[in-house]
Number of protein chains: 2
Amino acid sequence: VARRTDDLDELVRRVRTGDARAVGRLLSLVENDSWQLRDIAVALAPFSGAAHVVGLTGPPGVGKSTLTGALITVLRERGQRIGVLAVDPTSPVSGGALLGDRIRMEQHTTDTNVFVRSLATRGQLGGLAAAVPQAVRVLDAAGCDVVVVETVGVGQAELQIAALADTAVLVLAPGLGDGVQAAKAGIAEIVDVLVVNKDDRDGAAQVARDLRAAQSLTRVDERRWRAPIVRTTATTGAGVTAVADAIAQHHDWLASGEGLAQRRLARAAGEIEAIALVQLRARLAAGTTPDLLDAAARRVQTGETDPYSAAADLLDTAFGG
Amino acid sequence: VARRTDDLDELVRRVRTGDARAVGRLLSLVENDSWQLRDIAVALAPFSGAAHVVGLTGPPGVGKSTLTGALITVLRERGQRIGVLAVDPTSPVSGGALLGDRIRMEQHTTDTNVFVRSLATRGQLGGLAAAVPQAVRVLDAAGCDVVVVETVGVGQAELQIAALADTAVLVLAPGLGDGVQAAKAGIAEIVDVLVVNKDDRDGAAQVARDLRAAQSLTRVDERRWRAPIVRTTATTGAGVTAVADAIAQHHDWLASGEGLAQRRLARAAGEIEAIALVQLRARLAAGTTPDLLDAAARRVQTGETDPYSAAADLLDTAFGG
């Protein structure tokens, strides 16, 4: 197969100069699952690893996008170049973007040192987990000092994406009930910076106290990082400098030991695994007529076989075993 | 390998009498990814297919558990046996249960015709998608007329689980901002019954109007089901009978045509695919020392290879290709 590697080299060269159109085009190739994905990874490899990757997640309605916008302002004042990937939580079927979130970040759209992009899911479990690290690599190569990956929700997929970051930030707010409960259960293990946004509202102090209490239940040995709890009002910018400081401190702490290398190794493993699952799906879908999976489903329905045996047969068939 | 199929046959026999302890034990085997999963599937196969599987999802804080509790009351009055699987959205690491949700359903815990169970994630992408259909089969064999699978969130994983149901119910409420926006984008395609809960609050009528408007944008041909929009106040029980009616009507509509068979075929396909992914992970993890995936991650980190080639190599190695 002839590869258009010349095009790609030129595109990557332009991305490295910070050319916004080239960055946009390369991100589109990544998002649309281009057949060039492998070549893109090869072309970008020498130019990645410098950016600080920050995962920012939380339930709907806590003000993540407003906080991201305020954080961009602070980081720009510090002379940093920023990339934002807003990972879209909408239906796997419709795959639309959250217009509201985009609008809230619009104040930065004319700044050539800020790249903001929504990444939509493509209805594939694992598909997004494979695309996000590659998209991060594009922004990294474009010279971003910080890349923020923003996900909505406290579900399995969202936490998995947050865990791929160097620094994982969880944003909560008062008055969200179950969402906060659910999020709290996981904070001790995987979150590096905790933000209680909407600090001007009733209940914010209580959310911070609850988080501190949840934290105290987890034993933290002396070398381990204890996530700071930062209270913000993103709409006014109050507290956002402290968030930027906490993120920078966590990066320095990681870089001072083996932490950064370990996280990035884990990220590479997660990426390879996600890609392997996508490749497996592709092999299953490329079966003969009638579709292998559909035929297996019919055999399970008629009681001819059970789903576990059907799955094992399917894997063996897909790999010519 | 010697199989303890005698134990399993006895357990399934007791499950079929509605023995709550046996149901609990079999669900634990499913949740803990027992080596007997395949045998459990084989043992349950003859006794499943009767239950109406209802997926119930929505953003945190809309009152899903209160609604489920109220729905149980209505269905019990109609003489039905009910199973509820509360799929836990907490961290893949801690895997704790949502105590609050359990408490809200406690009024039914002494009723021998109601089975309520939380299923925790085990940190495996796809793991839950493989376990849920099997857990549904346990409650189906226990004689449940309706099995409600309750998930929290509007993320990819949650919608995938909802789509496995015969009837997918989406619960929204006023005052949730982004969550409702995100959910609305997907409703037309995959939701069969729409519930606007907290109808006693400001903005409920507007949420219902927005949903109707979103629906009207989708062309619905004459044979296709148009999701009814039901307004409820779950805390008082208002509107919950209408939800039960809508769910029953959707089931009858499905059963009157090819709909039910088609959905169940899709569910079987989804289950097989999820199991195949879990089996793939197991094969990858069972590699030699040093762990295959870890070694691949190191090669990607050093620039020796790219993640796409590493993933392809990994698949070939796992299947002895």
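Residues numbered from 1 in each chain as written. Chains lettered and ligands numbered in written order. Predicted model: local features only at pLDDT ≥ 70, side-chain atom pairs only at ≥ 80, totals over all residues. Heavy atoms only, no water.

**Q** Pulling in residues and values, what's your account of the overall build of chain A?
**A** In terms of regular secondary structure, chain A is built from 13 helices and seven strands. Counting all 321 residues of chain A, 56% fall into the buried class. For chain A, the accessible area works out to roughly 13,300 Å², and carbon and sulfur atoms hold 49% of it. (Helix = DSSP H or I, 4+ residues; strand = E, 2+ residues; numbered from the N terminus. Buried < 20%, exposed > 50% of the residue type's maximum accessible area, 1.4 Å probe, protein only. Areas by Shrake-Rupley, 256 points an atom, 1.4 Å probe, with all protein chains shown as cover.)

**Q** Explain the nonpolar core to me, using residue names and the numbers behind them.
**A** A:Leu26, A:Ile272, B:Leu26 and B:Ile272 are the most contacted members of the largest nonpolar core, which has 106 residues in total. Filtering out sequence-adjacent residues up to four positions away, A:Leu26 remains in contact with A:Leu8, A:Leu11, A:Val12, A:Val15, A:Ile40, A:Leu44 and A:Val138. (Core = buried A, V, L, I, M, F, W, Y, C linked by side-chain atoms within 4.5 Å. Contact = heavy atoms within 4.5 Å.)

**Q** Tell me about the environment of B:Val193, and name the residues and values.
**A** In this structure, B:Val193 sits in strand S6 (residues 193–196). Not counting the four nearest positions on each side in its chain, B:Val193 is found in contact with B:Thr167, B:Ala168, B:Val169, B:Leu170, B:Ala227, B:Pro228, B:Val230, B:Ala246 and B:Ile247.

**Q** Run through the pairing of strand S6 (residues 193–196) of chain A, naming residues and quoting values.
**A** All names here are of chain A. Both faces of S6 are covered, namely the face carrying Val193 and Val195 and the face carrying Leu194 and Val196. Examined bridge by bridge, strand S5 (residues 167–172) and S6 share four bridges and lie parallel to one another. The residue of S6 that forms the bridge with Leu170 is Leu194. Across three bridges, S6 lies against strand S7 (residues 229–231) in parallel orientation. Across the sheet, Leu194 pairs through a bridge with Ile229, a residue of S7. (Pairing = 2+ DSSP bridges.)

**Q** A description of the sheet that holds strand S7 (residues 229–231) of chain B should follow, citing residues and the corresponding values.
**A** Residue and element names in this part refer to chain B. The parallel open sheet is built from seven strands, whose spatial order is S3-S2-S4-S1-S5-S6-S7. Looking at strand neighbours, the two that pair on one side only are strand S3 (114–119) and S7, the edges of this open sheet. When strand polarity is set aside, the average angle formed by the axes of neighbouring strands in this sheet is 20°. As defined by bridge partners, strand S2 (residues 82–87) adjoins strand S4 (residues 146–151) across six bridges and the pair is classed as parallel. The residue bridging Ala86 from the neighbouring strand is Glu150, located in S4. (Axes fitted to C-alpha atoms, helices over the stretch in contact; angles between N-to-C directions.)

**Q** How would you explain the sheet that holds S5(A) if you had to name every residue and give the values?
**A** Residues and elements named next belong to chain A. Across the sheet, which stays open at both edges, the seven strands sit in the order S3-S2-S4-S1-S5-S6-S7 with parallel pairing between neighbours. The sheet terminates laterally at strand S3 (114–119) and S7, the two strands that pair on one side only. On average, adjacent strands in this sheet sit at an angle of 20° to one another, irrespective of strand direction. Alignment of strand S2 (residues 82–87) against S3, held across six bridges, turns out to be parallel. Counterpart to Val87 in the pairing with S3 is Leu119. Helix-sheet contacts for helix H2 (residues 20–31) involve S2 and S3, and the interaxial angle to S3 is about 20°. Contacts from helix H10 (residues 240–256) reach strand S1 (52–57), S5, S6 and S7 within the one sheet, and its direction differs from that of S5 by about 150°.

**Q** Account for unusual backbone geometry, with residues named and values stated.
**A** The backbone phi angle of A:Lys198 is positive, close to 60°, even though this residue is not glycine. Positionally, A:Lys198 belongs in the loop between S6 and helix H9 (204–216).

**Q** An account of the packing of helix H4 (residues 64–77) of chain B against helix H10 (residues 240–256) of chain B is needed here, citing residue identities and associated values.
**A** All names here are of chain B. One way to put it is that H4 packs onto H10 with a least axis distance of 9 Å and a crossing angle of 75°. Classed by the angle they form, the pair H4 and H10 counts as roughly perpendicular. Contacts between H4 and H10 involve Leu67, Ala70, Leu71, Val74 and Leu75 from the first element and Val240, Thr241, Val243, Ala244 and Ile247 from the second. Of the residues belonging to the contact of H4 with H10, the class tally is nine nonpolar, one polar and no charged. (Parallel < 35°, antiparallel > 145°, perpendicular 65-115°, else oblique. Nonpolar A, V, L, I, M, F, W, Y, C, P; charged D, E, K, R; others polar.)

**Q** Please give an account of the pattern of salt bridges that cites residues and values.
**A** Under the defined criterion, the tally for this structure stands at 24 salt bridges over all chains. Salt-bridge contacts for A:Glu271 lead to A:Arg137; the nearest nitrogen and oxygen are separated by 2.7 Å. Note that A:Glu271 is positioned in helix H11 (residues 259–285) and A:Arg137 in helix H6 (residues 127–141), a separation of 134 residues in sequence. A:Glu271 sits in the buried class, given a relative accessible area of 2%. When the shortest N-O distance is used, the salt bridge between B:Arg38 and B:Asp39 registers 3.6 Å. In this structure B:Arg38 comes out as partly exposed when scored by relative accessible area, which is 31%. When salt bridges with common partners are traced through the structure, they connect A:Arg38, A:Asp39 and B:Asp306 into a single cluster. (Salt bridge = Lys/Arg side-chain N within 4 Å of Asp/Glu carboxyl O.)

**Q** Describe the confidence of the model for chain A, listing the residues and the values that go with them.
**A** Caution applies to low-pLDDT regions: their predicted coordinates should not be interpreted in detail. All names here are of chain A. For chain A, per-residue confidence averages 79 on the pLDDT scale, and residues scoring 70 or more make up 74% of the total. Between residues 89–104, whose pLDDT stays under 50, and residues either more than four places distant or in other chains, the model counts 37 contacts. Scored as a whole, the predicted complex attains pTM 0.69, and scored at its interfaces, ipTM 0.73. (pLDDT = per-residue confidence, 0-100.)

**Q** Could you give an account of the packing of aromatic side chains, naming the residues involved and the relevant values?
**A** Residues and elements named next belong to chain A. Taken as a whole and assessed by the stated rule, the structure comprises two aromatic pairs over all chains. Summarising the aromatic geometry, the rings of Trp225 and Trp253 are spaced 5.6 Å apart at their centres and angled 45° between planes, so their arrangement reads as tilted. In this pair, Trp225 is assigned in the loop between H9 and S7 and Trp253 in helix H10, connecting sequence segments 28 residues apart. For Trp225, a relative accessible area of 16% corresponds to the buried category. (Phe/Tyr/Trp six-rings, centres within 6.5 Å; stacked < 30°, edge-to-face > 60°.)

**Q** Lay out the pairing of S2(B) in plain terms, naming residues and giving numbers.
**A** The element S2(B) is largely enclosed, with a buried count of six among its six residues. Side chains B:Ile82, B:Val84 and B:Ala86 project from S2(B) onto one buried face, and the interleaved B:Gly83, B:Leu85 and B:Val87 project onto a second face that is buried too.

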